[in-house]
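# A look at the structure
The lines below spell out each chain.
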Amino acid sequence: MSVTAGFGGRRGDDDERLPPGQYRVDDFPVLTAGPTPLVETDSWALTVRDDQVERTWSWDEFTALEVESVTTDIHCVTHWSKFDTQWAGVSVATLLDEAGVRDDAPYAQVYCYGGYTTNLPVEDLVDRVALVAHTFDGDPLEVEHGGPARLLVPHLYLWKSAKWIRGIRLVDHDQPGFWESAGYHNHGDPWLEQRYAGD
Ligand SMILES: Nc1nc2c(c(=O)[nH]1)N[C@H]1C(S)=C(S)[C@@H](COP(=O)(O)O)O[C@H]1N2
Ligand SMILES: [Mo]
């Protein structure tokens, strides 16, 4: 027997899996502020640093690191959610560990090719699933969705999942990123509906 997903028998499931104010989509919208940066893997690099140490991986070095796969729902602040997205990449915990950065830094700043930034507490990167993802649905991540590699932090609104990531810096003082300085919530937990500053 086949069951069609949608507003039929699966509705109860959807309700439980949808954070407040969200609806389900089956396509994969592209949301980018500004032009899409084109980064060749030959010139790509990822840097993780704190105020003491710094570690940079080339594409070949990065893709040689242990791969973790996750299947997860994702939630955009513009109200769409997509269920069961499949990703593979390197866990941020592994990257921080390999870089040897201090384990007591409270905040992370994330930098991207193209200039986008976002900020989040380090605990959101190490106590939960967080990847620098290079694979979506078994294929290399498409450039529109952040390829060669993007951050994926599925338990927060998707603006935290910085596309075309080039660096993570651990810091003592939190500093709002691109959307966080433009009135969006500093943390962005979809289950608490933290869309805008003050929510
Ligand atoms: N570098 C970069 N990362 C970004 C963005 C962006 O504009 N630039 N947009 C964010 C927002 S608001 C969302 S909702 C998601 C969208 O990811 P998608 O285009 O793969 O759906 O990427 C996030 N990461
Ligand atoms: Mo977004």
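Structure report, in brief. (Residues numbered from 1 in each chain as written. Chains lettered and ligands numbered in written order. Predicted model: local features only at pLDDT ≥ 70, side-chain atom pairs only at ≥ 80, totals over all residues. Heavy atoms only, no water.)

### Side note on the overall build of the protein chain
- Helix and strand counts for the protein chain come out as four helices and 11 strands.
- Taking 199 residues into account, the globule formula puts the C-alpha radius of gyration at 16 Å, and the protein chain, at 17 Å, falls close to it.
- Projected onto its principal axes, the C-alpha coordinates of the protein chain cover approximately 55 × 40 × 30 Å.
- The proportion of buried residues among the 199 residues of the protein chain is 47%. (Helix = DSSP H or I, 4+ residues; strand = E, 2+ residues; numbered from the N terminus. Rg over C-alpha atoms; globule rule 2.2 N^0.38 Å. Buried < 20%, exposed > 50% of the residue type's maximum accessible area, 1.4 Å probe, protein only.)

### Regarding the nonpolar core
- Counting residues in each nonpolar core, the largest one holds 36 residues, and the members touching the most others are Phe62, Leu95, Val132 and Leu151.
- Among the secondary structure elements, those contributing two or more residues to this core are strand 2 (45-49), helix 2 (59-63), helix 3 (92-99), strand 6 (107-112), helix 4 (122-126) and strand 11 (165-171).
- Tallying contributions element by element places helix 3 first for this core, with four residues.
- Setting aside residues no more than four positions away along its own chain, Phe62 makes contact with Trp44, Leu46, Trp57, Val90, Leu95, Val132, His134 and Ala149.
- Counting residues in hydrophobic clusters, the runner-up holds 13 residues, among them Ile74, Leu131, Phe136 and Leu152. (Core = buried A, V, L, I, M, F, W, Y, C linked by side-chain atoms within 4.5 Å. Contact = heavy atoms within 4.5 Å.)

### Concerning the pairing of strand 3 (residues 54-58)
- Examined bridge by bridge, strand 2 and strand 3 share five bridges and lie antiparallel to one another. Looking across to strand 3, one finds that Ala45 is bridged to Ser58.
- Linkage of strand 2 to strand 3, two consecutive antiparallel strands, is achieved through a turn of four residues. (Pairing = 2+ DSSP bridges.)

### A short note on the side chain of Asp124
- Relative to the elements of secondary structure, Asp124 occurs in helix 4.
- Although Asp124 is buried, it makes no salt bridge; Arg128 carries the closest opposite charge, 5.5 Å away.
- A distance of 2.9 Å separates the side chain of Asp124 from the side chain of His187, its partner in a polar contact.
- If near-sequence neighbours (up to four positions away) are discounted, Asp124 is found in contact with Ala130, Val153, His155, Leu156 and His187. (Lys, Arg positive; Asp, Glu negative; His and termini not counted. Salt bridge = Lys/Arg side-chain N within 4 Å of Asp/Glu carboxyl O. Polar contact = N/O pair within 3.5 Å; in protein donor to acceptor, adjacent residues only side chain to side chain.)

### Some details on the pattern of salt bridges
- Counting across every chain of the model gives nine salt bridges.
- The partner of Asp26 in a salt bridge is Arg24, and the shortest N-O contact between them spans 3.4 Å.
- Between Glu54 and Arg49 there is a salt bridge, and its shortest N-O distance comes to 3.9 Å.
- Judged by its relative accessible area of 52%, Glu54 falls in the exposed class.
- Under the relative-accessibility criterion, Arg49 is labelled partly exposed at 29%.
- What emerges from the salt-bridge pattern is a single network uniting Asp51, Arg102, Asp104 and Asp172.

### Some points on the layout of surface pockets
- The calculated volume of the largest pocket comes to roughly 510 Å³.
- Per-class residue counts for the lining of the largest pocket are 19 nonpolar, eight polar and two charged. (1 Å grid on protein atoms, 1.4 Å probe; cavity = no way out; pocket = protein on both sides within 12 Å on 5 of 7 lines; lining within 4 Å. Points joined across faces, edges and corners; volume = space filled by probe spheres on them. Nonpolar A, V, L, I, M, F, W, Y, C, P; charged D, E, K, R; others polar.)

### Regarding the sheet that holds strand 2
- Strand order across the open sheet formed by five strands is 3-2-11-6-7, with mixed pairing between neighbours. Edge positions in the open sheet fall to strand 3 and strand 7 (117-121), since each of these has one partner strand only. The mean inter-strand angle of the sheet, taken between neighbouring strand axes irrespective of direction, is 15 degrees.
- Of the strands in this sheet, strand 2, strand 3 and strand 11 are in contact with helix 3, which crosses strand 3 at around 120 degrees. (Axes fitted to C-alpha atoms, helices over the stretch in contact; angles between N-to-C directions.)

### Overview of the site of ligand 1
- Surrounding ligand 1, one finds 19 residues, the nearest of these being Pro29, Ala33, His145, Arg150 and Lys163.
- Arg150 places a polar side-chain atom, nitrogen or oxygen, 2.7 Å from an oxygen atom of ligand 1.
- Surface burial for ligand 1 is 97%, taken as the share of its 530 Å² of free accessible area covered by protein chains.
- Looking at the shell around ligand 1 residue by residue, the class counts come to 14 nonpolar, three polar and two charged. (Near = heavy atom within 4 Å. Areas by Shrake-Rupley, 256 points an atom, 1.4 Å probe, with all protein chains shown as cover.)

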